[in-house]
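Listed here are the chains, written in short residue letters.
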Amino acid sequence: MNIQENISLQPFNTFGIDKKANFFVKVKTEDDVKKALVFAKESKLPVFILGGGSNILLTKDLDALVIKIEISGIKVLEESEDEVIVEVGAGENWHTFVLHCIENDWAGAENLSLIPGTVGASPMQNIGAYGIEIKEIFKSLHAIHRDTLHEKTFDAQDCRFGYRESVFKSDLKDQYIITKVVFILKKKPTFHIEYGAIKQTLEEMGIEEPSLRSISQAVIQIRLSKLPDPKEIGNAGSFFKNPTVPLEFFESLKKTYPEMPSFPNEQGVKIPAAWLIEKTGWKGKTFGSIGVHKNQPLVLVNYGGGDGNEIKLLSENIQQSVFRKFGIMLHPEVNFL
Ligand code: EPU
């Protein structure tokens, strides 16, 4: 384990923001995690955990020990005729894991193809796309407490998953470091192609009978056509969550905006933040080296050399204009540092 000093975090955040950490360490085992935590405690340094860096906005240098989780490995724990239980190191790349599932004909993760980030970060915010959330294939996770170094296993109920939410973003925020995640995947697939453009894309691809592979390819195609590749343009995927408003409020808005798209859920009606941002005129707007993406306005971008504070300010301006026009407050999905 090699603790480095004064390291630029630019290669480690998908927004490509150039801020520094005064201490930085890559950890490959649970033992390394504990050693790093002891070092931080002895040096009286706060700790920041980095996975794929795909959901953070850096607004300042970090006076902290940044621990980059690189725990790897995909191990089958149990296998039956119907399902397989797999344990995955928190540092594995999420999409690499999805491809591994598809190669082995394990079903359940295919709709979540090409989501940036690591496996360890995936339960933190219950990642989701195209009608599926990670909670549907999640069995448990293993984590280390930051202060006591105790190890604990959390099952799905303990994690309290919600839309882009888990207990690790609320009551247990900054308390645990996730080291391994266990998933249950199916050997006999149920395909989910109703959501968004999957069905249409499969048709365009000339696919009549969907398979895990073809659904994954369709999702990849849709994402590549809509979302900027962080390797080319800095971004952290959706910047805001899609808001849910009470039914009565939605009905009053609908009188003024009959074309407003809406998706009823248990709490009320979900309205796409992308639509609200587009209707307030922000889609495709550029301000120096940052802006709002031209195909998916829910994604804020850094074209190169942009500053985290400029992006934060842009996000606040968007929040204000959406609130003024629609009376709806957008909440960031990205974590500010
Ligand atoms: N829309 C517009 N203008 C646009 C784009 C979209 O008005 O330019 C409206 C349309 O009405 C469209 C609706 O927004 O039907 C939904 O758009 P889309 O299907 O692209 O999904 P989203 O709600 O904007 C969510 C996730 C994405 C995920 C997609 C697909 C959140 C915050 N975002 O976006 O997740 O890939 O669904 O399932 O829930 C991420 O979290 O980083 C992410 C990319």
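Rules of the game
- Residues numbered from 1 in each chain as written.
- Predicted model: local features only at pLDDT ≥ 70, side-chain atom pairs only at ≥ 80, totals over all residues.
- Heavy atoms only, no water.
- Salt bridge = Lys/Arg side-chain N within 4 Å of Asp/Glu carboxyl O.
- Helix = DSSP H or I, 4+ residues; strand = E, 2+ residues; numbered from the N terminus.
- Buried < 20%, exposed > 50% of the residue type's maximum accessible area, 1.4 Å probe, protein only.
- Near = heavy atom within 4 Å.
- Polar contact = N/O pair within 3.5 Å; in protein donor to acceptor, adjacent residues only side chain to side chain.
- Areas by Shrake-Rupley, 256 points an atom, 1.4 Å probe, with all protein chains shown as cover.
- Nonpolar A, V, L, I, M, F, W, Y, C, P; charged D, E, K, R; others polar.
- Expected span 1.5 Å × (residues − 1).
- Contact = heavy atoms within 4.5 Å.
- Pairing = 2+ DSSP bridges.
- Axes fitted to C-alpha atoms, helices over the stretch in contact; angles between N-to-C directions.
- Domains from an automatic or database assignment.
- Buried area = accessible area lost by both parts, 1.4 Å probe.

Here we look at the pattern of salt bridges
And step 1. The tally for this structure, following the rule as stated, stands at 17 salt bridges.
And step 2. Put simply, Lys186 and Glu83 hold a salt bridge, and the shortest N to O gap is 3.4 Å. Of this pair, Lys186 sits in strand β12 (residues 176-186) while Glu83 sits in strand β7 (residues 83-89), and the two are 103 residues apart along the sequence.
And step 3. A relative accessible area of 41% places Lys186 in the partly exposed class.
And step 4. The residue Lys135 makes a salt bridge to Glu133 at a minimum N-O spacing of 3.7 Å.
And step 5. A relative accessible area of 37% places Lys135 in the partly exposed class.
And step 6. Residue classification places Glu133 among the buried positions, given a relative accessible area of 17%.
And step 7. One network of salt bridges, with partners in common, ties together Lys28, Lys68 and Glu70.

Quick look at the site of the ligand
And step 1. Not every one of the 23 residues close to the ligand is listed here, only the nearest: Tyr130, Tyr163, Arg164, Glu278 and Lys283.
And step 2. Interatomic distance of 2.8 Å between a side-chain N/O atom of Asn242 and an oxygen atom of the ligand.
And step 3. A distance of 2.7 Å separates an oxygen atom of the ligand from a polar atom in the side chain of Lys283.
And step 4. In isolation the ligand has 830 Å² of accessible area, and contact with the protein removes 82% of it.
And step 5. Looking at the shell around the ligand, the elements with two or more residues in it are α5 (212-226) and α7 (273-279).
And step 6. When its residues are assigned to classes, the shell around the ligand shows 11 nonpolar, 5 polar and 7 charged.

Things to note about α5
And step 1. Relative to the 21 Å expected for 15 residues at 1.5 Å per residue, α5 spans 21 Å between its end C-alpha atoms, a close match to the ideal helical length.
And step 2. Looking only at α5, the buried set comprises Leu212, Ser214, Ile215, Ser216, Ala218, Val219, Ile220, Ile222 and Arg223.
And step 3. Taken together, the buried residues of α5 touch α2 (94-103), β8 (128-129) and α4 (198-204).

What about the sheet that holds β7?
And step 1. In spatial order, the strands read β6-β7-β12-β10-β11; together these 5 strands make up an open sheet with antiparallel pairing. Two strands bound the open sheet, and with one partner strand each, they are β6 (74-79) and β11 (151-155). In this sheet, neighbouring strand axes are inclined to one another by 20 degrees on average, regardless of whether the strands run parallel or antiparallel.
And step 2. This element, helix α1 (residues 30-42), spans β10 (138-145), β11 and β12 of the sheet and lies at about 35 degrees to β10.
And step 3. Of the strands in this sheet, β6, β7 and β12 touch α2, which is tilted by about 25 degrees from β12.

Focus: the environment of Tyr163
And step 1. Checked against the element boundaries, Tyr163 lands in the loop between α3 (156-159) and β12.
And step 2. Distance in space between the C-alpha atoms of Tyr163 and Gly128 is 8.2 Å, their sequence separation being 35 residues.
And step 3. Among all residues touching Tyr163, those that are not within four sequence positions of it are Glu133, Lys241, Asn242 and Lys270.

Let's talk about the domain arrangement of the chain
Frequently, the measure chosen for interface size is the accessible area that the parts lose on association.
And step 1. Each domain of the chain was delimited in the assignment, giving domain 1 (4-69), domain 2 (74-186) and domain 3 (234-336).
And step 2. A separation of 27 Å is found between the C-alpha centroids of domain 2 and domain 3.
And step 3. The interface of domain 2 with domain 3 comprises 5 residues on the first partner and 5 residues on the second.
And step 4. Counting the surface lost from both domain 2 and domain 3, the interface buries some 490 Å², and carbon and sulfur atoms represent 36% of this.
And step 5. Among the residues of domain 2 in contact with domain 3, Tyr163, Arg164 and Lys169 are the three that bury the most area, contributing 74% of the side total.
And step 6. Linking Arg164 and Glu333 is a salt bridge whose minimum nitrogen-to-oxygen distance equals 3.0 Å.
And step 7. Residue composition of the side of domain 2 that touches domain 3, by class: 1 nonpolar, 1 polar and 3 charged.

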